[in-house]
Each structure stands twice: as structure tokens, then as C-alpha cells.
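In case you want the letters, here they are:
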Amino acid sequence: VHAPLPAGSSLDLGAVENPRSNPTTTAFAVFGAVTPNLCAGASAGAIKLYVNNGTEPLAYSWTGPNGFAATTKDVSNLRSGSYTVTIAGGGQTTTGNFIIREPAPLTMASTVCGNFPSVTLSLTPGGGAPPYSLLWAGGSIALQNTVSSAGTYAVTLSDSEGCTLRKEVIVPAVLGPKIGRAHV
């Protein structure tokens, strides 16, 4: 009987990921449940190992990005990247390769348009995991916010995984002329 995999994880069979697999083998082998990072740049990834036909005691030797090394069976608090584990026991050795993935970083492009007293700040979110939600410092939740004076306007972008990006949109006291240009 296999334990259920944690939410958001997948069963990693080396280079092939297939969460519906129930691998069976008579050879000394390693399989892993990989938990990805939900936010770009996070260190929340994990790998839970399942060892088949290993003779106890087993010794684990992990390597990974930025000099990562560990000797435990399961590893956690991992940054995105490629991890390798070598397992030895009973005169046998097996190796497993796993990849911790992450989404693209959250981005937020902004434009400032109009003339006082009605200047429109427009945002275009990207990266992360849509759908997005926005919260301007003044309480607005719209992609566009109309302001009546120069200043710095803070906005926070959140994605469906709870990742956030804070940005300040600066509205200068003097706005340049509106110039329209079509690119063909």
C-alpha cells in the first residue's frame, strides 16, 4: 500500500514524470514524490523517496544546486533545480535524478496616461500562476486606478498560489505630451 502523495506533488521516475504510475520492479531502485516551489525564488520544494528492494542499512548522498548536500532519505526546503541522490546498501548502489520546478516570476508592467486631475495608472500582470488579484494602497482592486495628483502609488499583485509582488508607480508632477505611434 502506497501513501498518498502530498497535494501539488508528482511521482518522479527519473526523467519521466507520471503521477498515475505505480512502479513495480524487482531491482534495487529509487522513486520520488517531488513537491515543486509554488513561488519563483522560493525554497519550499521537497523530495520524498521510495526505495525498492534496498538492503538496510541504506546510506543516502544528495547533491544539488549551489553546493547542496545532504545525507537524509528525504530532503526539503529546496530551491528550484536538479538534485541527484545516490543510495548504497547491501553491496548495491542506485541513483535517482529529480527536478524541483517553479513558475515564472511575477511581473507587473505599468503605464501612466492622462492629464491632471484625471491620470490613469494601468497595470499588466504576468508570470506566476493566474488568476491574479491586485490591491492598491487606497483600497482599489482594479487593473486601472485613476489618481488626481502626483505621487507614489503602491500596489500589490498576488497570484493563485499566494505569491506576491509589490510595486510603486510614480506619477510625476509634470506629465509629458501624449504621443501615439503605430508599429506595423
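Located above this text is the structure these notes cover.
Residues numbered from 1 in each chain as written. Predicted model: local features only at pLDDT ≥ 70, side-chain atom pairs only at ≥ 80, totals over all residues. Heavy atoms only, no water.

Time to look at the state of the cysteines. In the structure shown here, the tally under the stated rule is one disulfide. In this model, Cys39 is linked to Cys163 through a disulfide, with the two sulfur atoms separated by 1.8 Å. Negative torsions about the S-S bond denote left-handed disulfides, and the value of about -95 degrees found for Cys39 with Cys163 makes this one left-handed. Of this pair, Cys39 sits in the loop between β3 (29-35) and β4 (45-52) while Cys163 sits in the loop between β14 (151-158) and β15 (164-171); the two residues are 124 residues apart in sequence, bridging distant segments of the chain. Judged by its relative accessible area of 7%, Cys163 is buried. (Disulfide = S-S within 2.5 Å. Helix = DSSP H or I, 4+ residues; strand = E, 2+ residues; numbered from the N terminus. Buried < 20%, exposed > 50% of the residue type's maximum accessible area, 1.4 Å probe, protein only.)

Time to look at the sheet that holds β14. The three strands lie next to each other as β12-β14-β15, forming an open sheet whose pairing is antiparallel. What marks the edges here is a single partner per strand, and that holds for β12 (133-136) and β15. Pairwise comparison of adjacent strand axes, ignoring direction, gives a mean angle of 25 degrees for this sheet. Across four bridges, the pairing between β12 and β14 is antiparallel. (Pairing = 2+ DSSP bridges. Axes fitted to C-alpha atoms, helices over the stretch in contact; angles between N-to-C directions.)

In this section: the pairing of strand β11 (residues 118-126). Of the pairings in the sheet, the one linking strand β10 (residues 107-115) to β11 comprises nine bridges and is antiparallel in character. If you follow Ser110 over to β11, its bridge partner there is Leu123. Connecting the antiparallel pair β10 and β11 is a turn made up of two residues. Here β11 runs beside strand β13 (residues 144-147); their pairing, made up of four bridges, is antiparallel. When the sheet's bridge partners are listed, Leu121 is paired in β13 with Asn145.

Take the sheet that holds strand β5 (residues 59-63) next. Ordered in space as β6-β5-β8-β9, the four strands form an open sheet in which the pairing is antiparallel. Strands at the two margins of the open sheet, each flanked by one partner only, are β6 (69-70) and β9 (92-100). The sheet contact formed by strand β8 (residues 81-89) and β9 spans nine bridges and is antiparallel. The residue bridging Ser82 from the neighbouring strand is Ile99, located in β9.

Turning to the pattern of salt bridges, a few remarks are in order. The full count for this structure, using the stated rule, is two salt bridges. Notably, a salt bridge pairs Asp74 with Lys48, separated by 3.8 Å at the nearest N-O pair. Taken together, the positions of Asp74 in the loop between β6 and β7 (75-78) and Lys48 in strand β4 put the pair 26 residues apart, joining distant regions of the chain. Lys48 gets classed as partly exposed once you look at its relative accessible area, which sits at 36%. The closest approach of N and O atoms between Arg166 and Glu168, which form a salt bridge, is 3.2 Å. Given a relative accessible area of 45%, Glu168 falls into the partly exposed group. (Salt bridge = Lys/Arg side-chain N within 4 Å of Asp/Glu carboxyl O.)

A word on the side chain of Asp159. Along the chain, Asp159 falls in the loop between β14 and β15. Of the polar contacts made by the side chain of Asp159, one reaches the backbone nitrogen of Glu161; its length is 3.0 Å. Not counting residues within four places of it along the chain, the set of residues in contact with Asp159 comprises Leu106, Gly128, Ala129, Pro131 and Tyr132. (Polar contact = N/O pair within 3.5 Å; in protein donor to acceptor, adjacent residues only side chain to side chain. Contact = heavy atoms within 4.5 Å.)

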